[in-house]
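Here's the letter readout for the chains.
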Amino acid sequence: MSASADLVINGGKIVTPDAVFEESVAIADGVILAVGAESAMPSARETLDASGLHVLPGVIDDHVHFRDPGYPHKEDFASGTAAAAFGGVTTVFDMPNTIPPTGTPEILAAKHEMAAQKAHVDFGLYGLLGEDTIRHVPELAKTVIGFKLYMGNTFGKIPTPSTGAMLEAFEVVAATGKRVSLHAETNSIMERRETRMRDAGRVDPLAHLASRPAVVAVEAVSRAAILAEWTGARIHILHISSADELRPLREAKARGVDITGETCPQYLFLSADDYGRFAGVIRVNPPVREKRNQEPLFAALADGTIDVIATDHAPHAIEEKTRNDIWTVDCGFPGVETQMPMMLTEVAAGRFSICDYVRWSAANPARIWGLYPRKGVIQAGADADIAVVDLSREWTIDDAKLQSLSRITPFHGRRTRGLPLHTLVRGRFVMRERELVAAARGWGRSVHTIQQLPAPTPRNIDDTITAIVRFPTVAGPTGHATPHQRGKR
Ligand code: NCD
Ligand code: ZN
């Protein structure tokens, strides 16, 4: 090989969703130039000895809340992406429940500019899909990674669209090819339950779980799937917390709906038994549920019903998590930095393979969000987004030492096995030997420019209605039809 490389990683075991093999990786200009025998590698400016280590595609965490702009005491894009770098995460998708919410092209543009200044890792930004923002969809679609729709109330108090508005929103988004991520909890059920709990004088942590029983999520997932089936919209069910949601998810997949699912470590590793110990710290939406949900969630990852492991990294200040009245405690906790070590601990225990982990954390999110094969895989031509991992390194999660500004999690004290030692984003070290590379601040780029999502198959478009009510439509880069044109076919 004649070309020369910036970096060659030798001696490591490369992990794909299907195999683990010992090869070298050559990187030039941020891209993987070659994967192969050490003797076949080009000359390089620098080499990294990864003997005894595993070389994983960097994690793509499609669900983080970096709070920027709006809540600088909880997190900002610099601290959040530093936490990502420490977690072996090379791409994050940031949620729109910031102040102001990411619902207009102007606000989105400002957020892009801010993030580009501060990010240590690559990022995508979600656009808010609410009743008032449907009209902005065609413009927002040009630079968002996807849309976020809140079917129920959670931190940030974003209003919940009616089912009617949701149908229209899906119809408009379907024409753009983007995917809609759903906070799938039905608001009206939770509101009534919470009122009953409060009226009964309940302020204890378990009252939070009681106010959001699994039917809240089951109803929302089922309804969202029906609307997605009708419109052809792609949807992604965020933070699946219960075994009961799996049935509507499986059924929708079997019907051919383009629906994907995600779960998070809190639903795999914590349970209702932990509310006494953690009190408000464990409060999160959807709630951590009864232990009997854990095995079915693991099984759903294994059989492909759930596609993705993400974190819902939701940082808050200590005083916001430790109030006595559960209804006044902010929901969520950080996770972007601890997901990989927690999941690798299960690899060490033999619950699933390192290949499975790479499928759920990198390859699947890359495919679902249209980033594959530029991201989510270690092969020639892909971005050099890499986590170099020591599978035998033991670690104890210590909230006080996290990169996140939020130093309070229900994972504190957990002993883990398997830790990222180095994280590279497009060939550049952003975390090296468990130290942040400070100069990498501002290296992160928005991934919307590489996103490729072919237009979905058109579904039920009502000729009469679309002829009368002109929803905003866009002629996408692939020149796909508007809803009106489709109706005429
Ligand atoms: C999230 C937050 O704090 O932004 N909180 C949470 O409990 N999960 C919002 C969300 O994802 O629901
Ligand atoms: Zn949510």
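Quick caveat, the model's predicted, so the values are computed rather than measured.

Conventions we followed
- Residues numbered from 1 in each chain as written.
- Chains lettered and ligands numbered in written order.
- Predicted model: local features only at pLDDT ≥ 70, side-chain atom pairs only at ≥ 80, totals over all residues.
- Heavy atoms only, no water.
- Helix = DSSP H or I, 4+ residues; strand = E, 2+ residues; numbered from the N terminus.
- Rg over C-alpha atoms; globule rule 2.2 N^0.38 Å.
- Buried < 20%, exposed > 50% of the residue type's maximum accessible area, 1.4 Å probe, protein only.
- Areas by Shrake-Rupley, 256 points an atom, 1.4 Å probe, with all protein chains shown as cover.
- Lys, Arg positive; Asp, Glu negative; His and termini not counted.
- Charge placed at Lys NZ, Arg CZ, Asp CG, Glu CD.
- Donors = N, O, S within 2.8 Å, 3.2 Å for Na, K, Ca; no water.
- Tetrahedral: all angles 85-135°; square planar, octahedral: opposite > 155°, others 65-115°.
- Polar contact = N/O pair within 3.5 Å; in protein donor to acceptor, adjacent residues only side chain to side chain.
- Contact = heavy atoms within 4.5 Å.
- Arc of directions from axis to C-beta.

1. Some remarks on the overall build of the protein chain
For the protein chain, the count of helices and strands is 16 helices and 19 strands. Relative to the compact-globule value of 23 Å for 489 residues, the protein chain shows a C-alpha radius of gyration of 22 Å, a close match. Counting every position in the protein chain, which comprises 489 residues, the buried fraction comes to 62%. Summed over its atoms, the accessible surface of the protein chain is roughly 17,900 Å², and 50% of this surface lies on carbon and sulfur atoms. Counting 53 positive and 58 negative side-chain charges, the protein chain places the averaged centre of each group 2 Å from the other.

2. Structural notes on the coordination of the zinc ion (ligand 2)
In the first shell of the zinc ion (ligand 2), the protein supplies His183 (ND1) and His239 (NE2), at 2.1 to 2.2 Å from the metal. Its 4 donor atoms give the zinc ion (ligand 2) angles of 53 to 133° at the centre, a pattern that matches the irregular case. Highlighted residues: His183 in strand S12 (residues 179–183) and His239 in the loop between strand S13 (234–237) and helix H8 (246–254), separated in sequence by 56 residues. When sorted by exposure, His183 lands in the same class as His239, which is buried.

3. Remarks on the side chain of His313
Checked against the element boundaries, His313 lands in the loop between strand S15 (308–309) and helix H12 (318–321). A polar contact is formed between the side chain of His313 and the backbone nitrogen of Gly335, at a distance of 3.0 Å. In contact with His313, other than residues within four places in its own chain, are His63, Val64, His65, Phe66, Glu75, Phe333, Pro334, Gly335, Val336 and Ser404.

4. Quick notes on H8
One turn of the α-helix equals 3.6 residues, which is why residues spaced by three or four share an orientation. Three or more residues of H8 are buried, namely Leu246, Pro248, Leu249 and Ala252. The buried residues of H8 occupy an angular sector of 165° when the element is viewed end-on, so they sit on one face. In H8, the exposed residues that point more than 90 degrees away from the buried face are Arg247 and Ala254. If you follow the buried residues of H8, they end up packed against helix H7 (214–231), strand S14 (259–263) and helix H11 (294–303). At the exit of H8 stands Gly256, carrying a positive phi of roughly 95°.

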